[in-house]
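Inside the fold
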Amino acid sequence: QVQLVESGGGLVQAGGSLRLSCAASGRTFSSYTMGWFRQAPGKEREFVAAISRNGFRTYGADSVKGRFTISRDNAKNTVYLQMNSLKPEDTAVYYCAQSNGSSWPRMTRNEYNYWGQGTQVTVSS
């Protein structure tokens, strides 16, 4: 049974930084593309970033390019999202997700098969 557990969310002032972690279990972590999504109140869940199985390829949404970095440690079965220069509009619940597919990049909700429970990120102005 696949489990994804996010951590690292919290309250931060605009311009600050947070690092989210997502610990995976249940199957061979290094075999799957991982992604981060977010959902703000009253909005659809949106893609943030994805990372390939070996970590060599990453892809981010335009809204976070230059500010957020996705990475993974396959030895620790963990994917990270380093978030810098945070803005109030980054406030959302952040979810990590795991995809069974092999095409690249994977940027839509339907391309991901397993989801974590989410972690709240709140950026104050």
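One can find the structure itself at the top, above this paragraph.
Residues numbered from 1 in each chain as written. Predicted model: local features only at pLDDT ≥ 70, side-chain atom pairs only at ≥ 80, totals over all residues. Heavy atoms only, no water.

**Considerations on the pattern of salt bridges**
- Under the defined criterion, the tally for this structure stands at 4 salt bridges.
- A salt bridge links Lys 65 to Asp 62; the nearest nitrogen and oxygen atoms lie 3.4 Å apart.
- Judged by its relative accessible area of 66%, Asp 62 falls in the exposed class.
- Residue Asp 90 pairs with Arg 67 through a salt bridge whose shortest N-O separation is 2.7 Å. Of this pair, Asp 90 sits in the loop between β8 (78-83) and β9 (92-99) while Arg 67 sits in the loop between β6 (58-60) and β7 (68-73); the two residues are 23 residues apart in sequence, bridging distant segments of the chain. Accessibility classification places Asp 90 together with Arg 67 in one group, the buried group.
- Taken together, the shared-partner salt bridges connect Arg 38, Glu 46, Arg 67 and Asp 90 into one network. (Salt bridge = Lys/Arg side-chain N within 4 Å of Asp/Glu carboxyl O. Buried < 20%, exposed > 50% of the residue type's maximum accessible area, 1.4 Å probe, protein only. Helix = DSSP H or I, 4+ residues; strand = E, 2+ residues; numbered from the N terminus.)

**Remarks on the nonpolar core**
- Counting residues in hydrophobic clusters, the biggest one holds 31 residues, and the most contacted among them are Trp 36, Val 48, Phe 68, Val 79, Leu 81, Met 83 and Tyr 94.
- Those elements that place two or more of their residues in this core are β3 (18-25), β4 (33-39), β5 (46-51), β7, β8, β9 and β11 (119-124).
- When residues of this core are assigned to their parent elements, the largest contribution, 5 residues, is made by β5. (Core = buried A, V, L, I, M, F, W, Y, C linked by side-chain atoms within 4.5 Å.)

**Comments concerning the state of the cysteines**
- Inspection of every chain in the model, using the stated rule, returns 1 disulfide.
- Linked covalently through their sulfurs, Cys 22 and Cys 96 form a disulfide whose S-S length is 1.9 Å. With Cys 22 in strand β3 and Cys 96 in strand β9, this pair connects stretches of sequence that are 74 residues apart. Accessibility assignment for this pair places Cys 22 and Cys 96 in one class, buried. (Disulfide = S-S within 2.5 Å.)

**Remarks on the environment of Ala 50**
- Secondary-structure assignment places Ala 50 in strand β5.
- Through-space distance from the C-alpha of Ala 50 to that of Leu 20 is 14 Å; in sequence the pair is 30 residues apart.
- In this structure, Ala 50 is in contact with Met 34, Gly 35, Arg 57, Thr 58, Tyr 59, Ile 70, Trp 104, Arg 106 and Tyr 112, ignoring residues within four places of it in sequence. (Contact = heavy atoms within 4.5 Å.)

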